[in-house]
Amino acid sequence: MNNDLIPLPKAVFCKEYTVKAIIGEENCHRCFKGYGIIPGASVTPLFPSPCGNPCAYEVAGAVIALRHEDSGHILVMPASYR
């Protein structure tokens, strides 16, 4: 795997990333696909909730909240590295 790939919860807030892979069970893949989170999609971490989990992300013009344990299945790369 590429060394530049990081799990989504480790991403810097307000910086754009590109989804490179989704790891885990098939149910995860289907759920993320429904949110528009597929390889090649852009995702921007916006801000954490007051308690730190979940975090808000912008995907395809929509803001969604994902728990760390779920977003950890999404591997991203900074968009500038495309």
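Everything here concerns the structure above.
Residues numbered from 1 in each chain as written. Predicted model: local features only at pLDDT ≥ 70, side-chain atom pairs only at ≥ 80, totals over all residues. Heavy atoms only, no water.

### Concerning the pattern of salt bridges
Now for step 1: For the coordinates displayed, the defined rule picks out two salt bridges.
Now for step 2: Between Glu69 and Arg67 there is a salt bridge; the shortest N-O distance is 3.5 Å.
Now for step 3: For the salt bridge of Arg67 with Asp70, the shortest nitrogen-to-oxygen distance reads 2.9 Å.
Now for step 4: Overall, the relative accessible area of 43% leaves Arg67 in the partly exposed class.
Now for step 5: Owing to a relative accessible area of 24%, Asp70 belongs among the partly exposed residues under this scheme.
Now for step 6: Taken together, the salt bridges that share partners define one network made up of Arg67, Glu69 and Asp70. (Salt bridge = Lys/Arg side-chain N within 4 Å of Asp/Glu carboxyl O. Buried < 20%, exposed > 50% of the residue type's maximum accessible area, 1.4 Å probe, protein only.)

### Digging into the side chain of Ser49
Now for step 1: Within the element layout of this structure, Ser49 appears in the loop between β3 (42-48) and β4 (55-59).
Now for step 2: Within the structure, Ser49 has its side chain in polar contact with the backbone nitrogen of Asn53 (distance 3.2 Å).
Now for step 3: Dropping the residues within four chain positions of it, Ser49 is found in contact with Pro54 and Cys55. (Helix = DSSP H or I, 4+ residues; strand = E, 2+ residues; numbered from the N terminus. Polar contact = N/O pair within 3.5 Å; in protein donor to acceptor, adjacent residues only side chain to side chain. Contact = heavy atoms within 4.5 Å.)

### Description of the sheet that holds strand β2 (residues 17-22)
Now for step 1: Pairing in this open sheet of six strands is antiparallel, and the strands run β1-β6-β2-β3-β4-β5 from one edge to the other. On the outer flanks of this sheet lie β1 (6-7) and β5 (62-66), each paired with one strand and no other.
Now for step 2: In the sheet, β1 pairs with strand β6 (residues 74-78) via two bridges, with the strands oriented antiparallel. In the sheet register, Ile6 faces β6, and the bridge partner there is Val76. (Pairing = 2+ DSSP bridges.)

### Focus on the side chain of Thr44
Now for step 1: Secondary-structure assignment places Thr44 in strand β3.
Now for step 2: Judged by relative accessible area, Thr44 falls into the buried class, the value being 16%.
Now for step 3: Those residues within four positions of Thr44 in sequence are excluded, and the remaining contacts are Cys14, Lys15, Glu16, Ala56, Tyr57 and Glu58.

### Brief notes about the pairing of β5
Now for step 1: Strand direction decides the pairing type here: β4 and β5, joined by five bridges, are antiparallel. Of the residues in β5, the one forming a bridge with Val59 is Ala62.
Now for step 2: Where β4 folds back on β5, the antiparallel hairpin that results is connected by two residues, among which Ala60 adopts a positive phi of roughly 55°.

### Focus: the pairing of β6
Now for step 1: Within β6, five of the five residues are buried, which leaves it mostly tucked inside the rest of the structure.
Now for step 2: The two faces of β6 match: Ile74, Val76 and Pro78 on one face and Leu75 and Met77 on the other face are all buried.
Now for step 3: Bridging between β2 and β6 involves five bridges; their strand directions are antiparallel. Across the sheet, Tyr17 pairs through a bridge with Pro78, a residue of β6.

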